[in-house]
Amino acid sequence: MSTTVVRLNDSTDRVSRASRSFVWMLPAIAGVVIATHWPVLSAQALSFDDHQTLIENPLVSQPSLTSAWRFIADLWSPGAITGYYRPLAMISLMLDQALGAKPEQLLIFHITSLLLHVLTTVVLALLVRRLIGVDGAALAAALLFGLHPLTVEPIAWVSERKTLLATLFAVTALLAYVRHAQQSSRWAYVASIGCTFLALMSKPTSVPIPLMLVALNYWPLKRLSRRSLLDTAPHFALAALFGLITVSTHMRAALLTSSGAGSLAAVPLMVCHNIAFYLGKILWPVGLTSAYPYPSPISISNPAFVAGIIVCILLFAAIGVSLRYTRAVAGGFLILLLGLSPVIGLTRYSWVIVSDKYLYLPVVGLLLLLAWGIAQCRTRAARKWAYVLVGFIALAECVATRAYLAQWRTTESLHQYMIRRAPNELRPYAGLAAYYSWKGQTAEAVRWYLAALDVGPNNHILHNNLGNELLRAGRPAEAIPHFEAALRIRPDYQFARINLASCLAVVGQPDAAIRHLQTVLNEGWDALEVHHDLGELLLHVDRKDEAARHFEHIRAVRPDSLDAKVDLARVRIAQSRTEDALRLLDEALSVDASHVDAQFNRGIALTHLEQLDAAEAAYQRVLDADPTHLNARNNLANLYLRRGDGERAVLHYRKVLESQPRLTAARANLAVALAATGAIREALDAQRTVVAERPNNADAMCQLALLLSVDGQRELAIRTYQQVLKIAPTHAEARRRLAELQGATSAPGS
């Protein structure tokens, strides 16, 4: 009986083996990418926007479902995010914080970012394989993407989580769409729309995704038609919606402007410059930085713009010639340029003109072109040499990536590197100053703000920030000129006006401070904090009724605010409306019995009403809650002194002075209390210290003279009273007591 031998199809077998090898190579590619970027895990550099994103945003630092919803709802209730709408990126950073990440320790942030980059590399390999059909070419493209130095910035820069998330979702959207186009898969089509939505929720520069789909239909899918355009209609609808959202949020933050070129005629110069710049950084990624110097002047006389024009002419000429033979070159560059379209120079919504991170998604176009070029190698030898070349390029990328990652070790090393690359760009100086300010290193912060002002002397924000640092350092007189400079540069910059008012109050110019805060309110900035500060100043200068109006306004806006009730109660006490004050304080304490300020001011009100036992109990509750509350302890000591309980008064005054040795008023009261207990010599020592601290204070010196006379030192007491009258000739008590002493000294038998 004969048998029939069934032979497997050789080509099918080869495809199967190739598919298996492709799958096995993906983890290897991922491993190489992780190994190359491994130093990022120890990087501790904070870059631009990180302070605002991680430190100043309580929704990120306090993870919760409420915070996540606030990021999403920021679309119609702005305030959770500064700048454009990117809720998924913010939620991602918030989740890292929930896992233990924090600005002082960035490891978890970097682990997440590196994993996102690796996932994007793998998805990119799948996309290129599906479009080009050659496993080795797809792996080569993914490897070069994963290792490229341009990927350092999105991974190491914490705030650029938005770029990583958006690109992962965008590349996945492209992959799903390609599968739909090749296999008519409904689920893949829905997935592509969903991933487009997620990409747009991560970063608005994902808006070109529909255009990139059209470009893919042109090449390499080669199915551009009316039907394929209809396929992308949902993607275009999403892009249009998020484009409007982006414009709205940017205008809300005053970030969206023209290209910055100065005129429409200069826009083409910017576009040509940027195209040439990005091509140069892709092919020769040296001198990478997050702060490239702005090309100036923006005119044809600048060699940088001339070079950009020449590069673009040659590029588009080459593309035109290539169309006689293939769509590949045009298609690859079309994907690149469409991906770059939001940041190519037509509009400007950032202080930078170019940035490495902007290439993270658009470079897909050139990677497809690279893979296509490898696939065109028809002989095994040609393809082998192509892979050898890719290997050498990958090795060079590893070296360059590691070198650039070294600059991200610390915030100081990163910013100083940026300053070396762009010494005339003020952002790195300001960023380093802000970092030192956050770390509490005021002297260094001042030094770098001054350096930033050397570069940008007319920057109102820098003057304001430097003024804040000087005020924090206890140098208000030096801070005032910087706040004034900020207002000269930008008269409507109310932050500087508010800070100037605070500074003037510190240096003893409350009337000038009041005028500035009134100006802030008159110019339409009706912030409750301004009402509060103005009310405090008016109360300080005894303009009680005016102060009351501001605190009443705060209470009207925030009727449930306990602090507003307490502040208004303080004014009522000053207005001698003590019963009204007590009613407000009792309302506050009925809601929160542990409210320290309410309890403290209740003690003051009760003292005014001569309910000393109740006042004592109120002050004691304050001290039970906060033993370091010096004002409560001092007032309690005053109360004991008033009741003639000198020993308990002395005990509390001493505790006050242990914490604040230079609190002269407490030391003067201690002297009185000591005298009341008969400890005259100790009282004299305390009062001498008071006089040494206030040598021209007539009342302090008069009290010293009184103690000297009680101690029997009449001659010294007389001389001290005479000194009092030299300082204050009309001091009635000193004159009366001096007359009594002189009369007693000259009396018979004295």
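This text follows the structure it describes.
The paragraphs below set out a description of the structure included in this document. (Residues numbered from 1 in each chain as written. Predicted model: local features only at pLDDT ≥ 70, side-chain atom pairs only at ≥ 80, totals over all residues. Heavy atoms only, no water.)

1. Comments concerning the overall build of the chain
And then number 1: Assigned secondary structure in the chain consists of 38 helices and two strands.
And then number 2: Taken along the three principal axes of its C-alpha coordinates, the chain extends 155 × 70 × 45 Å.
And then number 3: Out of the 750 residues in the chain, the part that is buried amounts to 51%.
And then number 4: If you take every contact in the chain between residues at least 6 apart in sequence, the share linking residues at least 24 apart comes to 63%.
And then number 5: Here the chain contributes 70 positive and 57 negative side-chain charges, whose respective centroids are spaced 14 Å apart. (Helix = DSSP H or I, 4+ residues; strand = E, 2+ residues; numbered from the N terminus. Buried < 20%, exposed > 50% of the residue type's maximum accessible area, 1.4 Å probe, protein only. Contact = heavy atoms within 4.5 Å. Lys, Arg positive; Asp, Glu negative; His and termini not counted. Charge placed at Lys NZ, Arg CZ, Asp CG, Glu CD.)

2. What about the environment of Gly712?
And then number 1: Position of Gly712 among the secondary structure elements: in the loop between helix 36 (698–710) and helix 37 (714–727).
And then number 2: Residue Gly712 is classed as exposed on the basis of its relative accessible area of 52%.
And then number 3: Separated by 601 residues in the primary sequence, Gly712 and Ile111 have C-alpha atoms spaced 79 Å apart.

3. Overview of unusual backbone geometry
And then number 1: Cis geometry marks the peptide bond from Trp219 to Pro220, where omega comes out at 10 degrees.
And then number 2: Within the secondary structure, Pro220 sits in the loop between helix 11 (209–218) and helix 12 (226–231).
And then number 3: The peptide bond linking Ser296 to Pro297 adopts the cis configuration, its omega dihedral lying at 0 degrees.
And then number 4: Looking at the secondary structure, you find Pro297 in the loop between helix 14 (267–283) and helix 15 (303–322).
And then number 5: A positive phi is found at Asp542, a non-glycine position, where the angle reads about 70 degrees.

4. Comments concerning the packing of helix 25 (residues 510–522) against helix 26 (residues 528–540)
And then number 1: Where helix 25 meets helix 26, the closest approach of the two axes is 10 Å, and the angle between their N-to-C directions is 150 degrees. Between helix 25 and helix 26, the angle is such that the two are roughly antiparallel. In this structure, the crossing between helix 25 and helix 26 has a hand that is left-handed. Contacts from Pro510, Ala513, Ile514, Leu517, Gln518, Val520 and Leu521 of helix 25 reach helix 26 at Val530, His531, Asp533, Leu534, Leu537, Leu538 and His540.
And then number 2: Looking at the contact of helix 25 with helix 26 residue by residue, the classes come out as ten nonpolar, three polar and one charged. (Axes fitted to C-alpha atoms, helices over the stretch in contact; angles between N-to-C directions. Parallel < 35°, antiparallel > 145°, perpendicular 65-115°, else oblique. Left-handed = near helix turned anticlockwise from the far one by under 90°. Nonpolar A, V, L, I, M, F, W, Y, C, P; charged D, E, K, R; others polar.)

5. Thoughts on the layout of surface pockets
And then number 1: Estimated volume of the second largest pocket: approximately 610 Å³.
And then number 2: Residue lining of the second largest pocket: 25 residues in total, with His148, Ile282, Leu283, Ile393 and Glu397 positioned closest to the centre.
And then number 3: Per-element tally for the lining of the second largest pocket: the top contributor is helix 18 (residues 380–405), with seven residues.
And then number 4: By residue class, the composition of the lining of the second largest pocket is 22 nonpolar, two polar and one charged. (1 Å grid on protein atoms, 1.4 Å probe; cavity = no way out; pocket = protein on both sides within 12 Å on 5 of 7 lines; lining within 4 Å. Points joined across faces, edges and corners; volume = space filled by probe spheres on them.)

All we've got here are geometric facts, nothing functional implied.
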